[in-house]
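Commentary on secondary and tertiary structure
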Amino acid sequence: MLPGADDDQQFSGAHVRGPRHLRRSRRGRHAARFRLRAPVPPEIRRYAVITAAVTAIGLSPTLSSSAGPGPVPVNSAALAVDAGRSAADGPASRSRARKPADGAGTVPPPAAKATPAPTKAAPAPSAAQPASPAAPAAPSPTVHAPVGGLTQAEMNNAVAIVDVARQLSLPRRAAVVGIATALQESHLRNLANPNLPQSLQHPNEGVGYDYDSVGLFQQRPSWGSISQLMDPHESARRFYAALTRIQGWEQQAVTVAAQQVQRSAYPDAYAKWEGLAQQIVDAVM
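Residues numbered from 1 in each chain as written. Predicted model: local features only at pLDDT ≥ 70, side-chain atom pairs only at ≥ 80, totals over all residues. Heavy atoms only, no water.

Here we look at the overall build of the chain
The helix and strand tally for the chain stands at 10 helices and zero strands. Secondary structure elements of the chain occur, N-terminal to C-terminal, as α-α-α-α-α-α-α-α-α-α. Relative to its 285 residues, the chain shows a buried fraction of 27%. Of all intrachain contacts in the chain linking residues separated by at least 6 positions in sequence, the fraction that spans at least 24 positions is 55%. (Helix = DSSP H or I, 4+ residues; strand = E, 2+ residues; numbered from the N terminus. Buried < 20%, exposed > 50% of the residue type's maximum accessible area, 1.4 Å probe, protein only. Contact = heavy atoms within 4.5 Å.)

Some details on a nonpolar patch on the surface
Among the surface-exposed residues, Leu200, Val207 and Tyr209 lie close enough to one another that they form a single nonpolar patch of about 310 Å² accessible area. Within the secondary structure layout, Val207 lies in the loop between helix 6 (172-186) and helix 7 (226-229). Assessed through its relative accessible area of 37%, Val207 is described here as partly exposed. (Patch = residues over 30% accessible without salt bridge, like charges linked within 9 Å, V, L, I, M, F, W, Y side chains within 5 Å. Areas by Shrake-Rupley, 256 points an atom, 1.4 Å probe, with all protein chains shown as cover. Salt bridge = Lys/Arg side-chain N within 4 Å of Asp/Glu carboxyl O.)

Things to note about the side chain of Glu154
Relative to the assigned elements, Glu154 resides in helix 5 (residues 152-167). No salt bridge is formed by the buried Glu154. Its closest oppositely charged neighbour is Arg189, at 4.7 Å. If near-sequence neighbours (up to four positions away) are discounted, Glu154 is found in contact with His187, Leu188 and Arg189. (Lys, Arg positive; Asp, Glu negative; His and termini not counted.)

Re the packing of aromatic side chains
Evaluated as defined, the whole model comprises two aromatic pairs. Aromatic side chains Phe217 and Phe239 sit 4.7 Å apart centroid to centroid with 10 degrees between the ring planes, which places their arrangement in the stacked category. With Phe217 in the loop between helix 6 and helix 7 and Phe239 in helix 8 (residues 232-243), this pair connects stretches of sequence that are 22 residues apart. The pair Phe217 / Phe239 is uniform in exposure class, with both members buried. These aromatic residues form a ring-pair network of at least three members: Phe217, Phe239 and Tyr240. (Phe/Tyr/Trp six-rings, centres within 6.5 Å; stacked < 30°, edge-to-face > 60°.)

Re helix 5
Over its 16 residues, helix 5 runs 22 Å from end to end, which matches the ideal 22 Å to within 8%, given 1.5 Å per residue. Buried within helix 5 are the following residues: Glu154, Met155, Asn157, Ala158, Val159, Ala160, Ile161, Val162, Val164 and Ala165. Contacts from the buried residues of helix 5 go to helix 6, helix 8 and helix 10 (274-284). Following helix 5 by one or two positions, Ser169 has its phi on the positive side, about 55 degrees. (Expected span 1.5 Å × (residues − 1).)

Section: unusual backbone geometry
With a phi angle near 55 degrees, Ser169 is a residue other than glycine that sits in the positive phi range. In this structure, Ser169 sits in the loop between helix 5 and helix 6.

Section: the confidence of the model for the chain
Taken as a whole, the chain shows an average pLDDT of 73; of its residues, 54% reach a score of 70 or greater. Of all the helices and strands in the chain, helix 4 (residues 76-89) carries the lowest mean pLDDT, 44, while helix 8 carries the highest, 98. Across residues 28-36 the pLDDT falls below 50, and counting only partners more than four positions away or on other chains, this stretch makes 11 contacts in the model. Contacts for the low-pLDDT stretch residues 63-108, under 50 throughout, to residues beyond four places or in other chains number 18 contacts. (pLDDT = per-residue confidence, 0-100.)

Thoughts on the nonpolar core
Ile161, Ile179, Leu188, Tyr240, Leu243 and Ile280 are the most contacted members of the largest nonpolar core, which has 39 residues in total. Where this core is concerned, the elements lending two or more residues are helix 5, helix 6, helix 8, helix 9 (254-262) and helix 10. Per-element tally for this core: the top contributor is helix 6, with eight residues. Contact partners of Leu243, with chain neighbours within four places excluded, come to Ala174, Val177, Trp249, Ala257 and Val261. Ranked by size, the runner-up nonpolar core spans six residues in total, among them Ala192, Leu196, Ile226 and Met230. (Core = buried A, V, L, I, M, F, W, Y, C linked by side-chain atoms within 4.5 Å.)

Dropping the structure here:
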């Protein structure tokens, strides 16, 4: 057997090169003996990796206690496994360099405690801030004190007659004629009539018995409904509508103008109330 043949046959399963190869190698640049190495089987690689990992895990408590206080890598087992793989596989290229697993060796930060959103409190009213103005009260009707010996109810009815004349833009004389007529007919009282039972259901200041006449002006049902004639404002409006249809009423005497509207059996009776009617109109207007 040729020299070096014993060394070449010590590896089981290896291919031993013959004398012919040796003769050729001596002729070339490789004058030294060539010893071929068979590739390491995969089972041996895995065994080496597992053995290195188990050894590193078993030695970690001993190393930590003997080395004294100091930071110990959290991923020491992973580093040992990688060391075993590197020893079996050979040096790794830069592109195959392994990185620690995401989050390995780092302590997760404490979870942030959710804080409730602050509730916005309503601003307190400032002393310097002016208070909101209160809603204006509904205007109350003007109450005039009675004149000429009238009661308050009679004065209120007189004010209603004057107000309607003002609303219709009539002159003061129309209001004097209206007041004098109501003084003669009802003495400024809103009268119901038993002959018209429906009139008794409306506010009134007494009853009258002149046929079927009702209200301040003692108007009959031909002038309007019972509700209209028992309303001081509406009955005055109907009186002025008839007065303004008389041609030249402004120049006529109070009793003449009133008589043409009322057609009374006593045409001169209205004249005696002209002075009091003028006093009432002056107090109201």
